[in-house]
Amino acid sequence: MTATVVLRPMSGASFDAYAVRAIPLLAEAQSRAYGSSAQAARASAEAAFLKICADAEPEASGQHLYAIEAAGADVGALWFELRQAALDPYVYLYDWVIWPEYRGQGLGSAAMRLLEQRARALGARRIMLNVFNDNRFAADLYRRYGFAPASSILVKPIPND
């Protein structure tokens, strides 16, 4: 039986622990996807995390950052933003992660259901996200949750002559 999963607004200490784990993962993915140097990718990932403040009120910042908790342990994180497109609000999912040591227990599925409930309560009509092309596991996982491709970003490196 899966433990009960709750989304707990992330404290400053929880955010720091999350950032330590998540920034290197984002930097590695960006470096692979865009062919950037490890240093440039790390700087980009750190800049993304500077956009948010774990102690900010979601209504003021638009950012929603939660620790995913099960059986009293932080098992992952969820970060999204409520965005407005014309009259059609949507949630943009920046990160949804279950830490490797907790995977395979149904915790991610439970967290996704909670995200959908939060999005609905905020008036969102859809959830959008980005998946890097080389991350087939994530793309397949999101498809199982009902996500479908809506667009693609294509990148062409320009060599230095």
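Model, not experiment: these values are computed from the prediction.

On to the packing of aromatic side chains. In this structure the tally under the stated criterion is 12 aromatic pairs. For the ring pair phenylalanine 15 and phenylalanine 49, a centre distance of 6.1 Å and an interplane angle of 40 degrees mean the geometry is tilted. Within this pair, whereas phenylalanine 15 is found in helix α1 (residues 12-34), its partner phenylalanine 49 is found in helix α2 (residues 38-50), the two being separated by 34 residues in sequence. Of the two residues, phenylalanine 15 and phenylalanine 49, neither departs from the other in class, the shared state being buried. Measuring from ring centre to ring centre gives 5.3 Å for phenylalanine 49 and tryptophan 79, while their planes differ by 55 degrees; the resulting arrangement is tilted.

In spatial order, the strands read β1-β2-β3-β4-β5; together these five strands make up an open sheet with mixed pairing. Edge strands, defined here as strands with exactly one partner in the open sheet, are β1 (5-9) and β5 (127-129). The sheet shows a mean angle of 35 degrees between the axes of neighbouring strands, direction not considered. Sheet topology note: the β1/strand β2 (residues 63-70) ladder contains five bridges and is antiparallel. Bridge assignment links proline 9 to a residue of β2, and that residue is tyrosine 66.

Procedures and definitions
Residues numbered from 1 in each chain as written. Predicted model: local features only at pLDDT ≥ 70, side-chain atom pairs only at ≥ 80, totals over all residues. Heavy atoms only, no water. Phe/Tyr/Trp six-rings, centres within 6.5 Å; stacked < 30°, edge-to-face > 60°. Helix = DSSP H or I, 4+ residues; strand = E, 2+ residues; numbered from the N terminus. Buried < 20%, exposed > 50% of the residue type's maximum accessible area, 1.4 Å probe, protein only. Pairing = 2+ DSSP bridges. Axes fitted to C-alpha atoms, helices over the stretch in contact; angles between N-to-C directions.

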